[in-house]
Amino acid sequence: MGVKELLVKGLCSTPKYIDMSCRYDKQGSIYDDQCQDIEDFYHYKAEEAIMRCNAKDAALQLKTPLRLFDLGCGSTTKSQYLINELLANKVNVEYTPIDVSKDFLQHACETLKNIYGNRLKVDPIAGDFMNVIPQIGKYRGRKVLLWLSGLQCFPLDTQHQLLSKISESMEGDDSLLMTADITQDKAVIEKAYLDFDDSKPFAKLYTNGVHVANRELGGNIDLSQFILEGRHVEDKDVSRASYNQVWLRSLCNQSYYLEEVGKNVTFEEGEKLHLYSGNGISHKYTIPQLENALASVKLRVLKKWDNGNSVLLLSTRENEL
């Protein structure tokens, strides 16, 4: 489903929502990168540290040669720790960065070319994971799927679907190398994710989906007529995870015409426009929750690295051991 279809589906649903993926156009990806500079945003720093400190050990665990598929590559800054170690070991590696934003992906590839030149063969794929992961499964060589903080962005039911597709794409000695947020301190989480200062990139990132909707659907939804709110929901059930919810609350009765699709979207005073689909976003896991999620799709954790806020997991398919 394309961005336009996702937007129409969400805005015509009850309750109304804008899927999180819709905010990641080129500008949204820039806001996402800027979030790493926020002092209280612990997650980027913790994940950068887990990759910087453990990329060498992780690289030694991987069988080579390999092709590295980077799901949701972003700027590739953290992925480069692993790439550097593989190249230092003279590993024959091909790199496939994957991102939903074609423009941002092109910029990332230009950066990689400037850094690595001909030492790294880069073959990018632009698209959403549901369509891209089956393509990865068709690759017949040894592959490593690198997924940095990607799982936690999706609703729980979609997480299971994506992990299932990833598992199905793997065979032999293929591996999944992924990170996740294991922070459990509610005060720390709320300070990092739920500060809605309009001048900060997080607020701009959350609301960027509205700008995308206006552009793609020919709308004129006025953000000044909404207030940005959110909450953190704790859930210790081993089959679930804790998560954040963020929404725009309408300050008045208002209606907008979406010219590109010939539809009206109406908000009552106090009505929420959820900035996510499903249960929530920015999931926070316990280690047992992660192991349970992977085991449910026949993936077994072979090794884990943990710094208290972020964890790096190396997994392979159970039935191939």
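Please refer to the structure placed before this passage.
Chains are numbered independently. Their residues run from 1 in the order of the written sequence. Per-residue local features of the predicted model are confined to residues with pLDDT of at least 70, and side-chain atom pairs are confined, for both listing and counting, to 80 or more; whole-chain, interface and lining totals are unaffected and use all residues. Calculation of side-chain values draws on the structure's entire complement of heavy atoms; hydrogens and water are dropped beforehand.

Undergrad: Which parts of the structure should I look at to understand the pattern of salt bridges?
TA: Between side chains of opposite charge, pairing is possible as soon as their charged atoms come close. By salt bridge we mean one thing: a side-chain nitrogen of Lys or Arg within 4 Å of a carboxyl oxygen of Asp or Glu. Evaluated as defined, the whole model comprises 17 salt bridges. The partner of Lys-284 in a salt bridge is Asp-181, with the nearest N and O atoms 2.8 Å apart. Residue Lys-284 is located in strand E12 (residues 281-284), and its partner Asp-181 is located in strand E6 (residues 175-181); the two are separated by 103 residues in the primary sequence. With respect to class, Lys-284 is no different from Asp-181; both count as buried. Each member of the salt-bridge network shares a partner with another, and the members are Asp-25, Arg-215 and Glu-216. Numbered from the N terminus, helices here are DSSP runs of H or I no shorter than four residues, and strands are runs of E no shorter than two. Three labels apply to residues, based on accessible area from a 1.4 Å probe with only protein chains included: buried if under 20% of the type maximum, exposed if over 50%, partly exposed otherwise in between.

Undergrad: Looking at this structure, I do not really get the side chain of Arg-317. What am I missing?
TA: Within the fold, Arg-317 resides in strand E14 (residues 310-317). Relative accessible area serves as the criterion here: at 12%, Arg-317 is assigned to the buried category. Apart from the residues lying within four places of it in its own chain, the contact partners of Arg-317 are Ser-167, Glu-168, Met-170, Glu-171, Lys-298 and Leu-299. By the convention used here, residues are in contact when the closest approach between their heavy atoms is within 4.5 Å.

Undergrad: Teacher, can you tell me more about the nonpolar core here?
TA: Here, nonpolar core means buried Ala, Val, Leu, Ile, Met, Phe, Trp, Tyr and Cys residues that are tied together by side-chain atoms lying within 4.5 Å of each other. Membership of the largest hydrophobic core comes to 40 residues, with the highest contact counts inside it found for Phe-41, Tyr-193, Tyr-206, Leu-228 and Val-246. Listing elements by their share of this core, those giving two or more residues are helix H1 (3-11), helix H3 (42-61), helix H8 (186-193), helix H9 (201-217), strand E7 (226-233), strand E8 (242-250), strand E9 (254-258) and strand E10 (263-267). No other element matches the 8 residues that H9 contributes to this core. In terms of nonpolar packing, the next biggest core, distinct from the first, is built from 30 residues, Ile-125, Leu-162, Met-178 and Leu-294 among them.

Undergrad: For this particular structure, what's the right way to read helix H6 (residues 129-137)?
TA: The periodicity of an α-helix, 3.6 residues per turn, causes residues three or four positions apart to be oriented the same way. Along H6, the positions that sit buried rather than exposed are Phe-129, Val-132, Ile-133, Ile-136 and Gly-137. All buried residues of H6 project into a common sector of 150° when viewed along the axis, lining one side. Of the surrounding secondary structure, the elements contacted by the buried residues of H6 are strand E1 (66-71), strand E2 (93-99), strand E4 (125-126), strand E5 (143-148) and helix H7 (156-169). Any pair of nitrogen or oxygen atoms within 3.5 Å is treated as a polar contact; in protein, a donor-acceptor pairing is required on top of that, and neighbouring residues in sequence qualify only through side-chain atoms on both sides. N-cap assignment for H6: the residue whose side-chain oxygen lies 3.2 Å from the backbone N of Met-130 is Asp-128. The arc refers to the directions leading from the helix axis to the C-beta atoms.

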